[in-house]
Amino acid sequence: MIISVDPAASQPPYEQVKQQVEQLIRRGELAQGTRLPTVRQLAGDLGLAVNTVARAYKELEADRLIETRGRNGTFVLAARSEIDDEETQAAATVFARAARRANLSLSEATRILHEAW
């Protein structure tokens with residue numbers, strides 16, 4: 001797992017770590033069940049405070065992308081396809097609701113989606 005932190009970036013370090021791990025999961029480079037480095041190990045590798053990496057992991061857990069199993073370690077929880085499916089389903093639900101509020105027929109909504117594709 002290759003992660004880097006830019007201290008001069010506008011984003012705080014924990015956010016940089018979080019986004020990079022999330023991207024690795026979404027791209028399938030970190031598969032479901034992959035064990036992540038410990039908080040201490042990753043903090044040491046990146047030259048960050050332990051609390052910084054802990055916050056990134058905590059937010060990734062809140063997003064249900066990873067899970068910590070006590071002393072057994074931290075693991076990738078979601079498969080890339082599950083993440084994409086959830087995100088796509090949520091976007092489709094929002095679109096369907098907006099189309100209904102606009103009184104569009106299914107064929108009109110489908111046409112709009114097709115054009116956006």
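Described in the following lines is the structure provided in the data block. Small disclaimer: the values here were computed from a predicted structure and weren't measured. (Residues numbered from 1 in each chain as written. Predicted model: local features only at pLDDT ≥ 70, side-chain atom pairs only at ≥ 80, totals over all residues. Heavy atoms only, no water.)

1. Some words on the nonpolar core
In a soluble, globular protein the nonpolar side chains are often hidden away together inside.
Okay, step 1: Core analysis: the largest hydrophobic core is formed by 19 residues, its most contacted members being V21, I25, L30, Y57 and I66.
Okay, step 2: Listed by contribution, the elements that provide at least two residues to this core are α1 (13-26), α2 (39-46) and α3 (50-62).
Okay, step 3: Per-element tally for this core: the top contributor is α1, with five residues.
Okay, step 4: Dropping the residues within four chain positions of it, L30 is found in contact with M1, V21, L24, I25, L36 and V76. (Core = buried A, V, L, I, M, F, W, Y, C linked by side-chain atoms within 4.5 Å. Buried < 20%, exposed > 50% of the residue type's maximum accessible area, 1.4 Å probe, protein only. Helix = DSSP H or I, 4+ residues; strand = E, 2+ residues; numbered from the N terminus. Contact = heavy atoms within 4.5 Å.)

2. Details of the packing of aromatic side chains
Okay, step 1: Counted by the stated rule, this structure contains zero aromatic pairs.
Okay, step 2: Positioned above the aromatic ring of Y14 is the side chain of R55, whose terminal nitrogen or guanidinium carbon lies 3.7 Å from the ring centre.
Okay, step 3: When the ring centre of F75 is taken as origin, the NZ or CZ atom of R69, which lies over that ring, is 4.2 Å away. (Phe/Tyr/Trp six-rings, centres within 6.5 Å; stacked < 30°, edge-to-face > 60°. Lys NZ or Arg CZ within 6 Å of the ring centre and 35° of its normal.)

3. Overview of the sheet that holds strand β3 (residues 74-76)
Okay, step 1: Read from one edge of the open sheet, three strands run β1-β3-β2, paired in antiparallel fashion. Looking at which strands have only one partner, the edges of the open sheet turn out to be β1 (35-36) and β2 (66-68).
Okay, step 2: Taken together, the two bridges between β1 and β3 define a ladder with antiparallel strand orientation. Within β3, the residue paired with L36 across the bridge is T74.
Okay, step 3: α3 rests against β1, β2 and β3 of the sheet, and its axis sits at about 115° to β2. (Pairing = 2+ DSSP bridges. Axes fitted to C-alpha atoms, helices over the stretch in contact; angles between N-to-C directions.)

4. Notes on the pattern of salt bridges
Okay, step 1: In total, this model carries seven salt bridges according to the counting rule given.
Okay, step 2: We note a salt bridge from R27 to E29, for which the minimum N-O separation is 2.7 Å.
Okay, step 3: The class of E29 is exposed, set by a relative accessible area of 51%.
Okay, step 4: The salt bridge partner of R55 is E59, with a shortest N-O separation of 3.3 Å. Highlighted residues: R55 and E59, both in helix α3, separated by four residues, approximately one helical turn. (Salt bridge = Lys/Arg side-chain N within 4 Å of Asp/Glu carboxyl O.)

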